[in-house]
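Structural overview for review
Okay, here's what each chain looks like letter by letter:
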Amino acid sequence: MSIALYRKYRPATFGEVRGQEHVTDPLRQALRSGRINHAYLFSGPRGCGKTTSARILARSLNCAEGPTPDPCGTCDSCVSLAPDGGGSIDVIEIDAASHGGVDDARDLRERAFFSPVNSRYKIYIIDEAHMVTREGFNALLKLVEEPPPHLKFVFATTEPEKVIGTIRSRTHHYPFRLIPPSTLKELMEDLLKEEEVTYDPAALPLVVRAGAGSARDTLSVLDQLIAGSDEGGITREGAVSLLGYTDSSLLGEMVDALGARDGAAAFGLVDRVVEGGHDPRRFTTDLLERFRDLVVLSAVPDAIDKGLVNVSPESVDQMKEQAARLGPAELSRAAEVLNQGLTEMRGATAPRLLLELLCSRILLPATDGDQGVALLARLEQMERRVASGAIAPQASAPAPAPAAPAAPAPVRQPSPPQPAAPAPQAAPPQLPARTEAPEPAPRQAPRPSQPASRNEPSGWDAPAPAPVEPRPAAPASGGPLDLGRLQGAWHQVMEAVKGRRRFTWMMLHGGDVQPVGVEGNTVLLGFSKPNEAKGFTTSGSDQVVAGAIQQVLGAEVRVAPAGVGGPPAPPRRPEPAPRPAEPSGWDAPPVRNEPAPVQARPEPAPEPERPAGPPPERLLSDRPEPPPDPYEDAAAAPPPEDHGPPAPVRNAGPGNGRPEESTPREERPANAPAPRPASAGAASAGPSSFGGSGNGGGGVSLIETELGGKLIEEIEHEPSEGF
């Protein structure tokens with residue numbers, strides 16, 4: 001009957017302990033110098049040599065030649081404390097997992113004061129010390145703090161933080177570590193030679209990986225492989241099958257499928273893994289380890305020679321090619337996705353579904369929440385495709401066509417491109433609103449003075465700016481202007497507008513006006529309100545914006561409002577036909593010198609009575625626009641009004657108390673300013689202004705002929721005394 005390898009080859013001295021030189025060397029030096037403490041605390045992962053080192057320390061202390069770092073191995077104490085010895089009555093091992101209560105601590109305290117039987121020291125090795133209760137530690141506290149000269153304590157634990165601080169502070173703490181893979185590999189090679197077992201060197205990395213840095217676990221796996229091997233010894237295939245690892249070829253195929261963005265191959269491999277009885281969690285772990293090795297190979301080309309990567313020799317060339325082809329960004333991103341998914345798989349009821357979702361996330365970098373890593377991975381893909389010739393870079397790209405307005409416009413026939421030769425007058429783009437309208441000038445010309453018959457109330461229209469002669473559109477010196485280029489430089493254009501005219505900048509900034517289209521040499525701006533669009537044009541702000549665009553982009557263009565969400569603004573509609581004269585004072589003085597005949601306004605038939613004031617179409621179709629700021633643009637200030645000669649003075653008659661006109665009403669020329677009905681003077685406010693009966697200059701006839709009104713009732717007003 002054979003014993004386990006980890007028991008058969010347990011170290012007997014500190015020199016045989018491998019991978020823990022940071023602990024064994026200080027202990028050996030303390031034994032040489034005789035500076036031995038009364039209590040020690042050994043901590044570290046399982047199977048790394050804590051209990052074994054405690055036994056070696058007890059053997060070194062009780063050796064007949066000791067205390068010595070190298071026990072003789074021949075005395076009674078060394079023979080009894082050897083790995084295959086029967087033990088010593090003065091060295092007591094206590095498993096705290098089953099003897100950690102306060103009663104056990106009291107029993108230990110009572111027996112600890114007795115002297116050793118046949119050894120130098122009485123040594124207590126308390127294994128799994130973190131399992132001792134708080135009361136048990138408190139019972140041992142006084143004994144550990146001031147023990148008898150013959151008493152030594154060695155506490156071994158995997159969780160030193162659970163040992164109370166009062167105990168831990170009274171010990172010498174030596175932390176043990178995991179054993180490096182190279183050390184474990186050398187240890188297994190020596191043991192296999194001792195056992196005379198043939199083996200495949202490619203199988204040892206799998207055993208080291210299964211041991212996870214623990215010497216006891218590694219030797220247990222190796223013992224299992226030796227027990228299951230035949231005359232051929234230990235093979236890699238047998239290790240993969242027994243340990244449940246994923247085959248290296250399957251991992252290589254999955255990496256190739258994910259790198260080539262072959263979704264069919266990737267999901268087919270997942271199906272093979274599940275149908276083959278492999279655990280999806282284990283496959284994800286192995287795939288994560290493979291991506292880790294590829295990341296290391298991408299950063300360190302000679303990582304295999306340095307021992308940073310432990311893989312089979314036949315997989316080395318394939319992994320180097322994969323690391324060079326995929327790139328570090330894509331490899332690291334895939335490793336991060338797998339690591340996160342492996343955490344989500346813990347306790348999952350559908351691990352295959354999670355594995356397929358992980359593969360889909362790796363296949364599509366755009367679905368990753370980390371846009372920086374995903375973008376870098378996509379750039380690496382494009383670089384590889386261009387380098388491989390899958391995508392031929394274009395030598396020269398055609399000039400971009402002018403972008404259409406962002407707002408939907410009516411369908412129209414595209415006009416053929418015009419030659420670049422200069423023309424006397426550049427034809428503006430055809431507007432969809434009216435096809436029969438004449439071509440507009442490059443800038444909206446001011447409306448000419450209305451005829452005498454079209455007299456509207458003054459102040460409803462903003463004063464027209466000085467007329468600008470139309471000129472042919474010069475070719476832009478800064479290259480073709482498109483919507484994208486203009487939108488990209490709109491911030492600079494707004495700064496230039498602010499420097500030119502602050503009123504225009506406030507209008508654009510307050511309404512959040514943005515360019516929505518470019519048609520030919522016309523830039524269309526989107527306004528949220530029609531009134532703002534009309535006020536923008538009539539105030540001369542379009543010229544300010546056009547100058548700012550030319551200053552920033554070097555392109556000479558026209559600027560017109562287009563409205564937000566609609567087609568470009570149609571040209572101004574032609575003025576309606578002249579109407580009969582309206583009450584004086586509503587319009588600015590006419591400019592004609594010849595007398596105009598007075599036309600009587602026809603009686604309205606079924607239409608309702610129209611109140612005095614501005615024309616209805618002016619109130620309904622065109623909302624009144626505010627006049628421009630006279631302090632912003634002096635050139636757009638309205639001309640001074642000419643009020644004409646003062647109104648005739650009316651004298652009150654002596655008979656009936658009604659005032660009468662001192663001079664008869666006579667026809668006035670058309671170019672003479674009409675007296676204002678409300679501000680002609682204090683005398684015009686008398687009741688006789690509307691009380692005349694029958695004469696052509698009376699108030700009733702004035703209301704009927706000029707305003708189209710009708711007298712319903714006349715109320716006489718008696719002036720009060722003193723007036």
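Residues numbered from 1 in each chain as written. Predicted model: local features only at pLDDT ≥ 70, side-chain atom pairs only at ≥ 80, totals over all residues. Heavy atoms only, no water.

**As for the sheet that holds strand S7 (residues 522-526)**
Spatially, S6-S7-S8 is the arrangement adopted by the three strands of the open sheet, whose pairing is mixed. Looking at which strands have only one partner, the edges of the open sheet turn out to be strand S6 (514-519) and strand S8 (558-561). Within this sheet the neighbouring strands show an average axis-to-axis angle of 30 degrees, counted without direction. As paired strands, S6 and S7 are joined by five bridges and run antiparallel to one another. Bridge pairing in S7 places Gln 514 opposite Gly 526. (Pairing = 2+ DSSP bridges. Helix = DSSP H or I, 4+ residues; strand = E, 2+ residues; numbered from the N terminus. Axes fitted to C-alpha atoms, helices over the stretch in contact; angles between N-to-C directions.)

**Some details on the packing of aromatic side chains**
Applying the stated criterion across every chain, the model contains seven aromatic pairs. Ring centres of Tyr 40 and Phe 42 lie 6.4 Å apart, and the angle between their planes is 45 degrees; on these two criteria the pair is classed as tilted. Aromatic side chains Tyr 124 and Phe 153 sit 5.8 Å apart centroid to centroid with 20 degrees between the ring planes, which places their arrangement in the stacked category. Of this pair, Tyr 124 sits in strand S3 (residues 122-127) while Phe 153 sits in strand S4 (residues 151-157); the two residues are 29 residues apart in sequence, bridging distant segments of the chain. Stacked on the ring of Trp 505, the Lys or Arg Lys 498 has its end atom at 4.6 Å from the ring centre. (Phe/Tyr/Trp six-rings, centres within 6.5 Å; stacked < 30°, edge-to-face > 60°. Lys NZ or Arg CZ within 6 Å of the ring centre and 35° of its normal.)

**Side note on the sheet that holds S4**
In space, the five strands of this open sheet follow the order S2-S3-S4-S1-S5, with parallel pairing throughout. Sheet topology places strand S2 (91-95) and strand S5 (172-175) at the edges, where each strand pairs with a single neighbour. Averaged over neighbouring strand pairs, the angle between their axes works out to 15 degrees when direction is ignored. Where S3 lies against S4, six bridges are found, and the strand directions are parallel. By the bridge assignment for S4, Tyr 124 is matched with Phe 153. Packing against the sheet, helix H5 (residues 102-112) makes contact with S2, S3 and S4, and its axis sits at approximately 165 degrees to S3. (Contact = heavy atoms within 4.5 Å.)

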